Amino acid sequence: MSFHTFVEHVRNPYFRGEVDTTTDFAKMLDECSDEDLVKRAQQHVTSLLTAQRELFSIKMYAALEEYVNNDIFLLFSLVADALHNMPQHLTNSNKEELKVELLRFYQLKESILQYINEFAENKNVKIVFEAI
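Nothing here was measured: the structure is a model prediction, and the numbers come from that model. (Residues numbered from 1 in each chain as written. Predicted model: local features only at pLDDT ≥ 70, side-chain atom pairs only at ≥ 80, totals over all residues. Heavy atoms only, no water.)

### Thoughts on helix 1 (residues 3-15)
Thinking step 1. Its 13 residues give helix 1 an end-to-end C-alpha distance of only 15 Å, which falls more than 12% under 18 Å, the value for a rise of 1.5 Å per residue.
Thinking step 2. At His9, helix 1 shows its largest kink, close to 30 degrees, and the proline Pro13 lies no more than four residues downstream.
Thinking step 3. Among the residues making up helix 1, those that are buried are Thr5, Phe6, Val7, Val10 and Tyr14.
Thinking step 4. Just beyond helix 1, the residue with positive phi is Gly17, at close to 70 degrees. (Helix = DSSP H or I, 4+ residues; strand = E, 2+ residues; numbered from the N terminus. Expected span 1.5 Å × (residues − 1). Bend = angle between axes of the 7 residues up to and from the residue. Buried < 20%, exposed > 50% of the residue type's maximum accessible area, 1.4 Å probe, protein only.)

### A closer look at the packing of helix 1 against helix 7 (residues 95-119)
Thinking step 1. Where helix 1 meets helix 7, the closest approach of the two axes is 10 Å, and the angle between their N-to-C directions is 170 degrees. As summarised for this structure, helix 1 and helix 7 are arranged roughly antiparallel, according to the angle between their axes. Residues Thr5, Phe6, His9, Val10 and Tyr14 of helix 1 form the contact with helix 7, whose participating residues are Arg104, Leu108, Ser111, Ile112, Tyr115 and Phe119.
Thinking step 2. Broken down by class, the residue content of the contact of helix 1 with helix 7 amounts to seven nonpolar, three polar and one charged. (Axes fitted to C-alpha atoms, helices over the stretch in contact; angles between N-to-C directions. Parallel < 35°, antiparallel > 145°, perpendicular 65-115°, else oblique. Contact = heavy atoms within 4.5 Å. Nonpolar A, V, L, I, M, F, W, Y, C, P; charged D, E, K, R; others polar.)

### Points about the confidence of the model for the protein
Thinking step 1. With 84% of its residues at a pLDDT of 70 or more, the protein shows a mean pLDDT of 78.
Thinking step 2. By mean pLDDT, helix 4 (residues 58-65) is the weakest element of the protein at 55, and helix 2 (residues 24-30) is the strongest at 88. (pLDDT = per-residue confidence, 0-100.)

### As for the pattern of salt bridges
Thinking step 1. With the rule as written, the count across this model stands at three salt bridges.
Thinking step 2. Between Lys99 and Glu96 there is a salt bridge; the shortest N-O distance is 3.8 Å. Remark: Glu96 and Lys99 occur in helix 7; sequence separation between them is three residues, near one turn of the helix.
Thinking step 3. Each of Asp30, Glu96 and Lys99 takes part in a single network of salt bridges with overlapping partners. (Salt bridge = Lys/Arg side-chain N within 4 Å of Asp/Glu carboxyl O.)

### Considerations on the environment of Leu102
Thinking step 1. Inspection of the secondary structure assignment puts Leu102 in helix 7.
Thinking step 2. Since its relative accessible area comes to 0%, Leu102 is described here as buried.
Thinking step 3. Expressed as a C-alpha distance, the spacing of Leu102 and Asn85, which sit 17 residues apart in the sequence, is 10.0 Å.
Thinking step 4. Leave out the neighbours within four places in its chain, and Leu102 touches Leu29, Leu37, Arg40, Ala41, His44 and Met86.

### What about the packing of aromatic side chains?
Thinking step 1. By the definition in use, this model includes five aromatic pairs.
Thinking step 2. Arranged with centres 5.3 Å apart and planes meeting at 20 degrees, the rings of Phe25 and Tyr106 form a pair that is stacked. Taken together, the residues Phe25 in helix 2 and Tyr106 in helix 7 connect sequence positions 81 residues apart.
Thinking step 3. Judged by its relative accessible area of 7%, Tyr106 falls in the buried class.
Thinking step 4. Aromatic pair Tyr115 and Phe119: ring centres 5.4 Å apart, planes at 40 degrees, arrangement tilted. (Phe/Tyr/Trp six-rings, centres within 6.5 Å; stacked < 30°, edge-to-face > 60°.)

### Quick word on the side chain of Lys99
Thinking step 1. With a relative accessible area of 17%, Lys99 lands in the buried category.
Thinking step 2. Ignoring any residue separated from it by four or fewer positions in sequence, one finds Lys99 in contact with Leu29, Asp30 and Leu37.

Rendered as structure tokens:
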């Protein structure tokens, strides 16, 4: 994966902060109760931390080391950025902002998975991001 390709296809669109409220993700989130929104956010934050813990464990890192260089860290950094505001929205009960953050996260995740499908030399990286 090329850094410039990553920037063009994933990072820049994410940092522009554009949220498409006409997507299936947006419709799905509109149908969620406040409790469901909170559960989804908590699950994604937990999944990110779990994936990072597994990645950095000696066993997982040794397995990934053969085909993953720094690309996975670039992708993880964006996912972490997308999730960093969720705990604040969970504690202050701002469900509308939480819905926007979840929508941005889902759109980023979709963008990352498309990027991996199109540009990754080894598609096994996708497994890590599908679980988040």
